[in-house]
Amino acid sequence: PDREFPPDDFRTWEALVTEMQGACLVVGVQAVFSCGFVEHLRDEVLKALSVLIVGDQEQQSPPQATRFGMVVLPAHLLRGSEGFRLGAASREAPPLRAIVEQASSDGCLRQVPAMLHPSQWYQPIRGYGDVRRTETLLLQSPKGPYEGFIDTHFNRKVSSLLTRVFLKAGWSANSITILSICVGFVAAGFFAHGSYLTGVLGALFFQLSAIVDCCAR
């Protein structure tokens, strides 16, 4: 289940733990991360069954003092006689910090770097510099599993340049998608004419439509 709740309220944790089956991903709203990063965390928590915390450039040591921005909590650590309980003794600290400190003392806490791979990264957003860094990470993200040679070596490079233009212009993803559809209709019009020249123009506009559509992603 997807839940938005105040993490400092023990009652919401006690309600959530009854619904958890595998693990719980807790992340703040001022953060951007790649799908590959979450997939890596999922694989790690299934293998180790430990609490995973993701820090950033400001992370400290020991772990309980870390300014973490993302936490993965296995369900078995939050329920049962052998797991961590949200009992009265732990209510002296905020719930999430109490869980992390308990996991640290039990030896089942692991820290994960914020940057693992160009496709596996986590970036907190605290200022304009973080926004620019995140844009760069998104633009430099590696190709998708279904991209071909043209997509990788042409479409992606051109769409990266157009994406910067759209960002400066303040265009939304929906606006870019509408533009891509309109360019596709222009391509269809050229194809419908049926001549050799309009066929070539139709192919060029169709390719442009694909490039613009990549910007919305």
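Residues numbered from 1 in each chain as written. Predicted model: local features only at pLDDT ≥ 70, side-chain atom pairs only at ≥ 80, totals over all residues. Heavy atoms only, no water.

A closer look at the packing of helix α6 (residues 173–193) against helix α7 (residues 196–215)
Condition: Lines are fitted to the C-alpha atoms to define the axes, a helix being fitted only along its stretch in contact, and any angle between axes, read from their N-to-C directions, falls within 0 to 180 degrees. By the criteria applied, helices consist of DSSP H or I runs no shorter than four residues and strands consist of E runs no shorter than two, each listed in order from the N terminus. For this classification, under 35 degrees means roughly parallel, over 145 means roughly antiparallel, 65 to 115 means roughly perpendicular, and everything else is oblique. Should the near helix be turned anticlockwise from the far one by less than a right angle, the crossing is left-handed, and should it be turned clockwise, the crossing is right-handed. Two residues form a contact once any of their heavy atoms are found within 4.5 Å. Under the scheme applied here, ten amino acids are nonpolar (Ala, Val, Leu, Ile, Met, Phe, Trp, Tyr, Cys and Pro), four are charged (Asp, Glu, Lys and Arg), and all others, including Gly, are polar.
Axis separation between α6 and α7 bottoms out at 8 Å; the angle between their running directions is 165 degrees. When the axis of α6 is compared with that of α7, the two are roughly antiparallel. In this structure, the crossing between α6 and α7 has a hand that is left-handed. Two secondary-structure elements touch here, α6 through Ile176, Leu179, Ser180, Val183, Gly184, Val186, Ala187, Phe190, Phe191 and His193 and α7 through Thr198, Gly199, Leu201, Gly202, Ala203, Phe205, Phe206, Leu208, Ser209, Val212, Asp213 and Cys215. Of the residues contributing to the contact of α6 with α7, the split by class is 14 nonpolar, seven polar and one charged.

As for the sheet that holds strand β6 (residues 115–117)
Convention followed: When DSSP finds two or more bridges between two strands, those strands count as paired.
Across the sheet, which stays open at both edges, the three strands sit in the order β2-β7-β6 with antiparallel pairing between neighbours. The two strands at the open ends of the sheet, each matched to only one other strand, are β2 (31–33) and β6. Strand-to-strand twist across the sheet, computed as the mean angle between neighbouring axes with direction ignored, equals 15 degrees. As judged from the two bridges shared by β6 and strand β7 (residues 120–124), these two strands associate in the antiparallel manner. From the neighbouring strand, Met115 faces β7, where its bridge partner is Trp121.

Some details on the side chain of Thr134
Relative to the assigned elements, Thr134 resides in helix α4 (residues 128–139). Ignoring anything within four residues of it in the chain, the contact list for Thr134 reads Val32, Trp121, Gln123 and Ile125.

Focus: the sheet that holds strand β5 (residues 109–112)
Sheet strands line up and pair through hydrogen bonds in the backbone, either parallel or antiparallel. With respect to topology, four strands assemble into an open sheet ordered β1-β4-β3-β5, the strand pairing being mixed. Each of the sheet's edge strands pairs with one partner strand only, and the pair in question is β1 (23–27) and β5. Put simply, the sheet's adjacent strands are angled 15 degrees from each other on average, direction ignored.

So, the nonpolar core
Generally speaking, a soluble globular protein has its nonpolar side chains buried in company with each other. To keep things clear, this is the line we draw: Nonpolar core, defined: a set of buried Ala, Val, Leu, Ile, Met, Phe, Trp, Tyr and Cys residues in which side-chain atoms within 4.5 Å join the residues together. With a 1.4 Å probe rolled over the protein chains alone, any residue whose accessible area is under 20% of its type maximum counts as buried; one over 50% counts as exposed, and the rest are partly exposed.
Ranked by internal contacts, the top residues of the largest apolar core, which has 17 residues, are Val26, Val51, Val71 and Leu73. Those elements that place two or more of their residues in this core are α1 (10–16), β1, β3 (51–54), β4 (70–74) and α3 (95–105). With near-sequence residues (within four places) excluded, Val51 lies in contact with Val71, Val72, Leu73, Pro74, Leu77, Ala103, Cys108, Leu109 and Arg110. Among the nonpolar cores identified, the runner-up in size contains eleven residues, and Ala31, Leu41, Val45 and Leu52 belong to it.

A short note on a nonpolar patch on the surface
Applicable threshold: Patches here are clusters of residues that have more than 30% relative accessible area and form no salt bridge, with a 9 Å joining cutoff for like charges and a 5 Å cutoff for nonpolar side chains (Val, Leu, Ile, Met, Phe, Trp, Tyr). A 1.4 Å probe and the Shrake-Rupley method give the accessible areas. Residues count as covered only by the protein chains that appear here. Here, a salt bridge means any side-chain nitrogen of Lys or Arg that lies within 4 Å of a carboxyl oxygen of Asp or Glu.
A surface patch of nonpolar side chains, about 200 Å² in accessible area, is lined by Leu25, Val27 and Phe33. With respect to the helices and strands, the residue Phe33 is situated in strand β2. Assessed through its relative accessible area of 30%, Phe33 is described here as partly exposed.

Focus on the confidence of the model for the chain
How we decide: Residue-level confidence of the predictor is summarised by pLDDT, bounded by 0 at the bottom and 100 at the top.
Here the chain shows a mean pLDDT of 77. Residues at 70 or above account for 77%. Least confident of the elements in the chain is α1, whose mean pLDDT is 71; most confident is α6, at 92. Low pLDDT, under 50, characterises residues 62–66; the stretch is placed with 14 contacts to residues that sit more than four places away or in other chains. Predicted confidence is poor over residues 80–84, with pLDDT under 50, and the contacts of this stretch with residues over four places away or in other chains come to ten contacts.

As for the pairing of β7
With four of five residues buried, β7 is to be regarded as a mostly interior element. With three bridges joining them, β2 and β7 adopt antiparallel strand pairing. Within β7, the position partnered with Ala31 by the bridge is Pro124. The hairpin formed by β6 and β7 contains two residues between the paired strands.

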